[in-house]
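An overview of the molecular structure
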Amino acid sequence: MTENRIVCRNLTKIFHGIHAKQDVVACEDISIEIQPGEFVTVIGPSGCGKTSLLYMIAGFEQKTSGMILVDGKSVQSPGPDRAVVFQEFALFPWLTLRQNIEFGPRERGIQNDVMREHVNSMLRTVGLTAAESRYPHELSAGMRQRAALARVLVNEPKILLMDEPFAALDAQTRSTLQAELGRLAKLLNLTILFITHSVEEAVLLGDRVLAMSARPGRIIEDLAINLPRPRDPTSPAFNEYRRHVDLLLEQATRTAADTETTAN
Ligand SMILES: Nc1ncnc2c1ncn2[C@@H]1O[C@H](COP(=O)(O)OP(=O)(O)OP(=O)(O)O)[C@@H](O)[C@H]1O
Ligand SMILES: [Mg+2]
């Protein structure tokens, strides 16, 4: 079964400067495979190429060389099979919560009654039925993030590409949404690529954690997290994974600092 599988082979992204010496190699020779229904987290030092990797899979950025296949087909442009969720979740401030979620299905010309049923079910799924007629400014930050997730999920993407979606939230809201995303991922059988700066979040959510080196971003480890869910971040086994990923990240950051010192 290839459905929703993401395959990257020898993927490289270079942002070209005016002069060759200004070229930035954002991703270098990345080969990864994400299986249907898998939740994969990505961690790496700032500027190492995580967003660039995600944008290439989303079809927002063109690769320089290598191959990206989604569902067996080469990615050339964005598509409805892949939804992207950013740190700043996008909601239209002039539309109510329900109207925001209805926006996508309306654009796609879905019949009114079918759409309404679909939106109702999505509101229930994210626990926002009671807030459907509120405007975004009348919602808490956590509710806004959930609403924006519903807005994306109502279009039934198979793949979620998430770029630090919970980074701006307070610890408690973040923890609630992490649990909710884990539940939704299983419920809707989503394939997820999730970028984070938090080692705890990477280990908590990922079936696998991909650790990237400092720029040029390469995959330095592909670590399976063999812990039952829901995971307990206070357990010794969780801590061992956390310590391991911490170390990887520390090494990657240190290598970057060394390289910069040598270059100066
Ligand atoms: N459109 C662009 N044009 C030129 N250079 C770019 C562009 N986008 C990213 N870069 C460069 O590519 C490198 C990788 O950037 P990217 O945004 O992928 O890193 P990141 O790992 O997501 O960082 P962060 O953790 O800070 O979000 C950086 O050096 C960045 O300056
Ligand atoms: Mg980024």
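Quick note: structure is the one above.
Residues numbered from 1 in each chain as written. Chains lettered and ligands numbered in written order. Predicted model: local features only at pLDDT ≥ 70, side-chain atom pairs only at ≥ 80, totals over all residues. Heavy atoms only, no water.

Describing the pattern of salt bridges
Applicable threshold: Should a side-chain nitrogen of Lys or Arg be within 4 Å of a carboxyl oxygen of Asp or Glu, the pair is scored as a salt bridge. The buried label goes to any residue with under 20% of its type's maximum accessible area, the exposed label to any with over 50%, and the partly exposed label to all in between, with areas taken from a 1.4 Å probe on protein chains only. Under the DSSP-based scheme used, a helix requires at least four consecutive residues in state H or I and a strand at least two consecutive residues in state E, with every element numbered from the N terminus.
Within the structure shown, the criterion is met by 16 salt bridges. Two residues, Arg82 and Asp81, come together in a salt bridge whose shortest N-O distance is 3.1 Å. Taking the relative accessible area as the measure of exposure, Asp81 reaches 26% and is therefore partly exposed. Note that Glu180 and Arg146 form a salt bridge whose closest N and O atoms lie 3.3 Å from each other. Taken together, the residues span a long stretch of sequence, with Glu180 in helix α5 (residues 171–187) and Arg146 in helix α4 (residues 141–153) at a distance of 34 residues. What makes Glu180 buried here is its relative accessible area of 15%. According to the relative accessible area criterion, Arg146 is buried, its value standing at 18%. If you follow the salt bridges from partner to partner, you end up with Arg98, Glu102, Arg106 and Glu132 in one network.

Here's the deal with the pairing of strand β9 (residues 208–212)
Looking along a regular strand, one sees the side chains alternate between the two faces of the sheet. Condition: The pairing criterion for strands is at least two bridges between them, as found by DSSP.
A large share of β9 lies buried, amounting to five of its five residues. Residues Arg208, Leu210 and Met212 line one face of β9 and the alternating positions Val209 and Ala211 line the opposite face, and both faces are buried. Relative to β9, strand β3 (residues 39–43) is paired through four bridges, and the arrangement is parallel. Counted as the bridge partner of Ile43 is Ala211 from β9. Judged from the five bridges that link them, β9 and strand β10 (residues 219–224) form a sheet pairing that is antiparallel. In the sheet register, Leu210 faces β10, and the bridge partner there is Asp222. Counted along the chain from β9 to the antiparallel partner β10, the turn is six residues long.

In short, shape yes, function no, at least from these values alone.
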